[in-house]
Structures are given as C-alpha cells and as structure tokens.
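Here is how the chains run, residue by residue.
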Amino acid sequence: MLLALAVIGVVYAALSPETGRAEATVSASVKDVTEGKRLFDQSCASCHGLNAEGTKTGPSLIGVGAAAVDFQVGTGRMPAANPGAQMPRKRPVFDDQQTKALAAYVASLGGGPAIPSKEQVDPATGDAALGQSLFITNCAQCHNFAGGGGALTGGKKAPDLHETTPSHIYSAMITGPQAMPVFNDTTVTPEQKRAIIAYIVETREEPNPGGFGLDRLGPVSEGLVGWVVGLGLIVAAAVWITAKQREND
Amino acid sequence: MTTPPTPKALGGVGTYIDDRFHSARFAGVNLRKVFPNHWSFMLGEIALYSFIIILLSGTFLTFWFNPSMHEVVYDGSYTKLHGVTMSQAYESTLRISFDVRGGLLMRQVHHWAALIFIAAMFVHMLRVFFTGAFRKPRELNWLIGATLLILGFVEGLLGYSLPDDLLSGMGLRIAEGVLLSIPVVGTYLMFFLFGGEFPGHDIIPRFFTLHVLLIPGIMLALVVAHFMILWHQKHTQYPGKGKKESNVIGTPMYPAFAVKAGAFFFFVFGVTALLGAFAQINPVWLYGPFTPAAISSGSQPDFYMGWLEGSLRVFPAWEINAFGYTLALSVLIPALGIPGLVFTPLIIWPFLEQWVTGDKRQHHVVDRPRNAPVRTAFGMSGVTLYGLLWLAGANDVISERLDVPLYGTTWFFRFALILGPIIAFIVTKRICLGLQRRDAAAASHGYESGIIKQLPSGEFIEVHQLLTEDAETVAVAKKEVPALAAAVDGDGVPSPGSRSMMGRVRSRLHNFVVKDDIPVGEPHGNGHGDGHGGRPELGEAEAEERKELRH
Ligand code: HEM
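Cut-off values and rules
Residues numbered from 1 in each chain as written. Chains lettered and ligands numbered in written order. Predicted model: local features only at pLDDT ≥ 70, side-chain atom pairs only at ≥ 80, totals over all residues. Heavy atoms only, no water. Helix = DSSP H or I, 4+ residues; strand = E, 2+ residues; numbered from the N terminus. Contact = heavy atoms within 4.5 Å. Areas by Shrake-Rupley, 256 points an atom, 1.4 Å probe, with all protein chains shown as cover. Disulfide = S-S within 2.5 Å. Salt bridge = Lys/Arg side-chain N within 4 Å of Asp/Glu carboxyl O. Buried < 20%, exposed > 50% of the residue type's maximum accessible area, 1.4 Å probe, protein only. Phe/Tyr/Trp six-rings, centres within 6.5 Å; stacked < 30°, edge-to-face > 60°. Buried area = accessible area lost by both parts, 1.4 Å probe. Polar contact = N/O pair within 3.5 Å; in protein donor to acceptor, adjacent residues only side chain to side chain. Nonpolar A, V, L, I, M, F, W, Y, C, P; charged D, E, K, R; others polar. Near = heavy atom within 4 Å. Core = buried A, V, L, I, M, F, W, Y, C linked by side-chain atoms within 4.5 Å. Expected span 1.5 Å × (residues − 1). pLDDT = per-residue confidence, 0-100. Domains from an automatic or database assignment. Pairing = 2+ DSSP bridges.

Things to note about the overall build of chain A
Each helix and strand counted, chain A has ten helices and two strands in total. Moving toward the C terminus, one meets the helices and strands of chain A in the order α-α-α-α-α-α-α-β-β-α-α-α. Within chain A, contacts between residues separated by at least 24 positions form 63% of all contacts whose residues are at least 6 apart in sequence. Within the structure as shown, chain A displays about 11,400 Å² of accessible surface, and the carbon and sulfur contribution to it stands at 61%.

Here we look at the state of the cysteines
Residues and elements named next belong to chain A. Taken as a whole, this structure holds zero disulfides over all chains when the rule is applied. No disulfide involves cysteine 47; its sulfur sits 8.7 Å from the nearest other cysteine sulfur, which is in cysteine 44. Distance from the sulfur of cysteine 139, which forms no disulfide, to the nearest cysteine sulfur (cysteine 142) is 8.6 Å.

Thoughts on the pattern of salt bridges
Throughout the structure, instances matching the rule amount to 17 salt bridges over all chains. Glutamate 35 of chain A is paired through a salt bridge with arginine 38 of chain A; the nearest N and O atoms lie 3.4 Å apart. Of the two residues, glutamate 35 of chain A and arginine 38 of chain A both sit in helix α2 (residues 30–43), three residues apart, roughly one turn of that helix. With a relative accessible area of 41%, arginine 38 of chain A lands in the partly exposed category. Across the pair arginine 370 of chain B and aspartate 439 of chain B runs a salt bridge, and its minimum N-O distance is 3.0 Å. Separated by 69 residues along the polypeptide, arginine 370 of chain B in the loop between α13 (329–357) and α14 (373–392) and aspartate 439 of chain B in helix α16 (residues 406–445) bring together distant segments of the chain.

Observations regarding the packing of aromatic side chains
Geometrically, a pair of aromatic rings is defined through the distance of the ring centres and the angle of the planes. Enumeration according to the criterion identifies 39 aromatic pairs over all chains in this entry. With a centroid separation of 5.6 Å and an interplanar angle of 75°, the aromatic rings of tryptophan 227 of chain A and phenylalanine 303 of chain B are classed as edge-to-face. A residue pair is termed interchain when its members come from two chains, as with tryptophan 227 of chain A in helix α10 (residues 219–248) and phenylalanine 303 of chain B in helix α12 (residues 303–314). For tryptophan 227 of chain A, a relative accessible area of 24% puts it in the partly exposed group.

Brief notes about the environment of leucine 391 of chain B
All names here are of chain B. Within the secondary structure, leucine 391 is located in helix α14. Accessibility expressed as a relative area gives 44% for leucine 391, which makes it partly exposed. Taking the C-alpha atoms as reference points, leucine 391 and glutamine 108, 283 residues apart in sequence, are found 24 Å from one another. Those residues in contact with leucine 391, other than ones at most four positions away along the chain, are Ile398 and Phe413.

So, the interface of chain B and chain A
The interface is formed by 67 residues belonging to chain B together with 56 residues belonging to chain A. Contact with chain A buries surface across chain B, with Lys80, Gln280 and Leu286 of chain B losing the most and accounting together for 15% of the total. Connecting chain B to chain A are one salt bridge. Between lysine 80 of chain B and glutamate 206 of chain A there is a salt bridge whose closest N-O contact spans 3.6 Å. On inspection of chain B and its partner chain A, the count reaches nine residue pairs in polar contact (both at pLDDT 80 or more). Mapped onto the side of chain B that touches chain A, the elements with two or more residues apiece are α3 (43–62), α5 (103–130), α7 (166–181), α10 (253–278), α11 (284–287), α15 (395–402) and α16 of chain B. With ten residues, α10 of chain B is the largest single contributor of residues to the side of chain B that touches chain A. Here the residues of the side of chain B that touches chain A are counted per class, giving 45 nonpolar, 15 polar and seven charged.

So, the site of the ligand
Residue and element names in this part refer to chain B. Taken together, 26 residues sit near the ligand, with Arg107, His110, His111, His211 and Asn282 positioned nearest. Histidine 211 places a side-chain nitrogen or oxygen 2.7 Å from a nitrogen atom of the ligand. Between the ligand and asparagine 282 there is a distance of 2.7 Å, counted from an oxygen atom to a side-chain nitrogen or oxygen. When residues of the shell around the ligand are traced back to their parent elements, those giving at least two are α3, α5, α6 (139–161) and α9 (203–233). Grouping the constituent residues of the shell around the ligand by class yields 13 nonpolar, ten polar and three charged.

A short note on the nonpolar core
Ranked by internal contacts, the top residues of the largest apolar core, which has 136 residues, are Ile46, Phe153 and Phe264 of chain B. Per-element accounting of this core gives the leading share, 18 residues, to α5 of chain B. Setting aside anything within four residues of it in sequence, one finds phenylalanine 264 of chain B in contact with Ile234, Ala237, Ala238 and Ile241 of chain A together with Met42, Glu45, Ile46 and Tyr49 of chain B. Counting 17 residues, the second-largest nonpolar core is a separate cluster that includes Ala45, Met78, Ala103 and Ile115 of chain A.

Thoughts on the side chain of histidine 110 of chain B
Residues and elements named next belong to chain B. With respect to the helices and strands, histidine 110 occurs in helix α5. A relative accessible area of 16% places histidine 110 in the buried class. Looking at histidine 110, its side chain comes within polar contact range of the side chain of serine 57, at 3.1 Å. Those residues in contact with histidine 110, other than ones at most four positions away along the chain, are Ile54, Ser57, Gly58, Leu61 and His211.

Some details on α12 of chain B
Residues and elements named next belong to chain B. Look at α12: 17 Å from first C-alpha to last across twelve residues, which is about the 16 Å you get at 1.5 Å a residue. Counting buried positions along α12 gives ten out of twelve residues, so the element sits mostly inside the fold. Burial in α12 covers these residues: Phe303, Tyr304, Met305, Gly306, Trp307, Leu308, Glu309, Gly310, Ser311 and Val314.

Things to note about the confidence of the model for chain A
Confidence in the prediction for chain A averages 82 pLDDT; 86% of positions are at 70 or higher. Below a pLDDT of 50 lies the segment residues 1–26 of chain A, which in the model reaches 41 contacts outside its immediate sequence neighbourhood of four places, other chains included.

Some words on the domain arrangement of chain A
Residue and element names in this part refer to chain A. Split into domains, chain A comes out as domain 1 (18–115) and domain 2 (116–231). Taken over C-alpha atoms, the centre of domain 1 sits 25 Å from the centre of domain 2. Taken together, the contact between domain 1 and domain 2 spans 19 residues of the former and 20 residues of the latter. Surface buried jointly by domain 1 and domain 2 totals about 1,400 Å² across both partners, of which 53% is contributed by carbon and sulfur atoms. Where domain 1 packs against domain 2, one counts one salt bridge. Run the count over domain 1 and domain 2 and you get three residue pairs in polar contact (both at pLDDT 80 or more). For the side of domain 1 that touches domain 2, a count of residues per class yields nine nonpolar, six polar and four charged.

Some words on the pairing of strand β8 (residues 460–465) of chain B
Residue and element names in this part refer to chain B. Of the strand pairs in this sheet, strand β7 (residues 447–454) and β8 are connected by five bridges, and their pairing is antiparallel. When the bridges of β8 are listed, lysine 453 appears paired with isoleucine 461. Taken together, β7 and the strand that follows it, β8, pair antiparallel across an intervening segment of five residues, in which glycine 458 is found at a positive phi of about 100°.

Given below as structure tokens:
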C-alpha cells in the first residue's frame, strides 16, 4: 500500500494538478501545447501524420484524449519502434514533463478523456471487495484472476498488471488500448474503476499465506511442482533406499 | 541375524493373542514374505502412502468444511473480501484457510497429496505395463488398478469442485456442458445430477457425499483387494541370476522390508508436508467465489484432468444440426470419445494381449520393456498422446509464457496429436529391436570391453569380455511369443477358428507382434536355440555347463 502511494506520488508530483475529471476539458498551458507539438513532430508525426490525422502506419489521434497519450507514452508503448502485432511495454522514452506536453498537444486537437486525478485512482479509498467481483467479471477473462496476464488470439496478449500504476490502470480502462475494450463511465462508473484499482493493487501486494506463490499461475504450475518436486523427490528417495539396501546385502 | 530375547511382558501379550487367534503361524508365514528389491517396485507404495495422507487430511477438513450453497456475506479474517456474497462452501474454505489453526496447511497437504497420489498411480501403472507384470495370473489386479486410477480422477474432480471458487465453478460448467452434449438423455442427466438448472443448490452437497464417503469407500476396498491379491500371488521380479518363475528373491517382510517401508512412508509424508507448508496450492481467495458470469484466463483443472481440457481445446468446432436438434460433436468427441479411446485399451490390454499372442503361460519374471517391442511401442504412443493432450490443456499458458501465438499452438497440437503417437510407436519399436540385437550379440560374443589388443601378427582387435552370470541371465531373458495354434491342419484344411473374421484379425495382429522378432541370444555359441516357444530359462545342467565354459 505504502509503495503504491509512493508510486502515485512520484507520478503525480510531475503531472499538473489541474488536469481535471475525466471530461474533455483541457486546461493545459499554451507552453505545454507548443512544446508538445515540437516533440510530436519529432517522434510521432512519421506514423501519426503531421497533424495527428493518421497515416498508413499509425491511426489518427484526433479525439483520443490526454489519457490515451499518457498511457501509451507513460508505459513506453509509444513511440512505437516497429509496428508488430502489439506494441510492447518498455521503459518510457519521455520524462513526465514531456509526456504531459504531448498529452496536452493531442488533447488540444479535439478533446477526449483527460488524465485521471489523484483521488480518482487512489487505491486506499476504493472498495476492494466490490473491485473483486468487477474484476472477475470484466477483466479476468483476459488478464487472469490474479492479474497475471494471458494469451489472446492473433499473437496478442493481455499483459500482467503487476507494475502498472493506478493512473495507467484507469487510463487503460477509459481508452481501451488495442485489443482491450473501452470501459466508459456508464459501463463501469468512476467509483467502480477506483474499486477495481483498489482490488488490483491490494491483490498484488498481499503476501502468499500458503508459502511460495508459484507465480500465482494456478493448476499448471501446481501440476509441474507436484510432479517435479513432489514425485521427483520421492522417487529419488526410492532409488536411494534400494541402492543403500543393495550395498548392505 | 540373532533375535534378542523378547521382554516378558510382550511375550505374555503375544501368547495371549496367539492362544486366541493362532496368529503365530499366520505371522510366521507372512513376516517371512519376500519382497524383491528394485526402486520401481516402490512406486505403488508411494500411491498407498499418499492415499493414507489424503484420508487423514481429508478427515480433518470435514470437521470445518460446510458443503452448502446457501449464500452468506463474508466477514472473516481475509478483509479484502469483506462484504462479498458467497456460498457457505466457499466461506468455510476461507475459514479453514485463514481462521482454523493448521487449516491452510491441511488444505494444502490434502491437495498436494492428491496430486502426488495420482501421479504415483500413473508411474506405477506405467511400470506394470512396460514390464508386462499384468500378464497371467495378475490380470485382475490390473483391472483393479485401472479402476483406481479412473476413480482417482473422478475423486479429484469432485474435490476440486467442493470449495465453490471460480475455478471449481468453471469445472462444473464444463461438466454440465459435457452432460448436455450426450444425445437424447443429456438434458435429463444434467437435471438429475444438478437437481435442476445449473448450478442449483444441490450439486455441492451431492459432490460432498460422493467425495468423502462413496468414492473413498470404494477406493479403500479396492486398495485392500489389490494388496490381498498381491500378497497371495507374490511379487514379480526382474530377470537376473537365480531368479526363476518359481521363486521370489528379495528381502523378507520382517524386519528389513518393514523398516524400509516405514522409512519410505515417512519420506513421502515429509515431502508432502514440506510442500504443504511452503508451496501454495489452490489459493481460492485469489480466484474469488464462483459467479456464472465470470471466467478467467489461465483457468485449468488439476493436472490429471488437463488432458481432457486439452482435447476440448484443440478439437475443431464441429456440430451437426438435424431435426431441430444440435449434436455438439465438438464436446461429445473430445470429452467422451477421447477418454473412451484412452481408457478402453487401458482396461482391456491384458486380455487383448493374451488373445493376440496366445500366451496363456503364468509369468512371474517380468519382461524387460525392450523384449516386448510392440507393447512398449504401443505404451509409448499412449504416453505421447496423453502428454500432448495435457500440454494442449495449458496452451494459453504456453502461448503467454513462451510468446507463441495461441492459434499456432492449437494447430500445432492438432497435427502433433495425430503424428506424435505414430512417430513414438515407430521410434520406440526401432530402439527396442536395436537393444535386443545388442543383447543377443553380447550373449553370444560377450560385450565390447573397450580394451584394444595387438595380436602378434600386428593386427588390432577389441577384446570381447564375457558377461557375468547375472548379466547373461538378463541378456537372454527374453521369452518368445508362442506361435498361434496352426491355422492349417495336417490336411491343409484351415481350422474353423482362423477362418472367421476375428480369427483373421487375430492372426494379422499376431503376425504384427512377432514379425520383427530378434531370436533370443545364444549364450556364447553353444548352439542352444529356443525356437519352440519354451522358456529361455536354462535347465540346471545347462547352467552348470555354461559356468564351466566360462572358466
Ligand atoms: C482419494 C482421493 C482424494 C482426492 C484425489 C481428493 C482431492 C481433493 C481435492 C483436489 C480437493 C480440493 C481441495 C482444495 O484445494 O481446497 C479436495 C477437497 C476436499 N476433500 Fe478431498 N480428496 C480425496 C479424498 C478425500 C477424503 C477421503 C476426504 C474425507 C474423508 C476428503 C475430504 C475433502 C474435503 C472436506 C474437501 C473440501 C475442503 C476444502 O476445499 O478446503 N477428501 N479433495
């Protein structure tokens, strides 16, 4: 919990506090927008077009909103290196200030969801029990019951949620990156989103009361351990006992 | 071994019991029962010991487990789920895990022991299969064993369903789908089992009764029968010096075997307890209570059911629509047809083999797997099929962990499931025949010692060393498959049996089994042949003769 709060703190220290609720209002300074435009022309325009209108190699970004940019750039997915089935998560290229500028620029082109506020994503105020049932019904089919991730069709996969910041979890839900559906505020209310975040964060931080968690993979890793460690050790003992006995015969 | 004098008090008790039950004679015979020493003969013991652990830990769980679908709101120690509505079955599983002292340990021990139990039955069965230990007179014990394995699967599936968590609910959902796919009676069966619509309120209490009472009861009875038959028929043994069809060479029951078995029990217990204490299994609190609306990626059954999951996953989505009904072949074939395909040969194998080979002899010395190439190859293709199905059941995890496309794995398994067993058959048979040839060569010329000698003529030869007596008995241990009763009698008239359809099938199969046979090795060229279907075992006189030859 403390760790999560610390992470949120770091993320938000750099982000402007005036980024409002998840509405299409953008209150970024003109300076941010100009700086954002400059960075965009440098790193993004080759794929997304000079005015973010889209090209053959990248979709239009008009109306995707600041949240989409913050998620894509903040998780290192953008700028994409080479288009594949799916852009992998990697170390972000831009720092928080630059990310904010890019977000401000894209938002200035035509609204879209804003970056969520600190309170909106605060796991400490979310209802984890509610989050559990929402997560199981909305997210687990792709991301697995414990947020461990899973394979999807067409060479894509739903990533694990072990590292994602609360803010990025929120953004992922409102923007629906790639194969993930959009969970807008009517299907999953902001309150419910916070509950989901609380559930994800609490689950990944709680210790495994039963010992080693075996990656929380479920029956597959359990079966493997049962055979290799369980039966393996016992059979080794059988071999050893018989060998000892032969020596003594 | 000298026995220390029995303390007086003990002696008194002994006499008391003996006067009433004549137990001394019984004990005298049974304590001297002999057990051959080979590690692979201990695999069945693992299954027995883990079964005992399961019974004990399961009994502990019944004290707290509440098999009810009645809904309650959780307010136990696992605060994250406070306020969640769940069945009492799930709630009591959480209570066992977080509020009952030693409860989580017992749950984990129970579950790990279940995995080890079934895995041990598997390897035990493979040992029996590949060594031909199921042959006459032990066919009945093979049947009992196969039944135990299948009951073990069922028992595990039932147990897996009891906690009513997300994964167990999904297991039930699949079971429901399988029942529904059965033509004509499917819907009726489903309603009968679940007591109404899925999931209903009856299924957990019913499964509970089956899981803790009926099936363990049957299994216990079968285990006892299994051991009584084993005791009566005595153990098989591997070929070796002095080992005959008529004797058993090994350790007497008391004291050596008893000590060994006791130590081994504690080892099995120790490993299970360590796993239970340090490796988390079935963390139902992470899965959450079952809700019919939810599914999760990475939801697999326990490993022993994985192959059925696999067959469901890779089977194409075929169905037949006729007369307003849908026949879901995509469920019916993989969930009922494939198990039939695996279990039927498994159950009837001893009888099938006896029918094909016409081998009605008693066997107490087991086969080396290489000496029955067709059987071994068949077994390996079964293992391959099972293993591939099992992997296919985890295809999403494989795809996720190894970064390969999901559809790719599906197609890979579709081909592999057909080609894999065939390749395994061919390769295994080749290897077996190769090994047989090597044995035959070693028996007649000795083995290559690796010592190079220069002859006076300057020529280099490798010294062949004769096998030790023990190794030689092993090398010539192969028993030839007897010929079928002549298909044609003296006047050239085909016998009625061989003309029938079955007769022709039988002689084809027989031919398939014997056609690549390598003749039994002839002990360093003394001209001893064994072509008349008799035992390769040598008479006393012959053995003497061979010993002399060795000097
Ligand atoms: C012989 C084979 C048996 C197998 C393979 C087996 C397997 C299982 C499995 C896989 C579970 C799920 C447990 C979990 O992870 O929580 C389970 C639960 C359970 N078993 Fe067994 N079991 C066997 C025998 C028994 C017996 C003999 C009893 C009682 C006398 C028993 C009592 C229970 C109870 C009460 C539960 C539910 C408790 C819980 O889920 O925490 N089992 N069993």
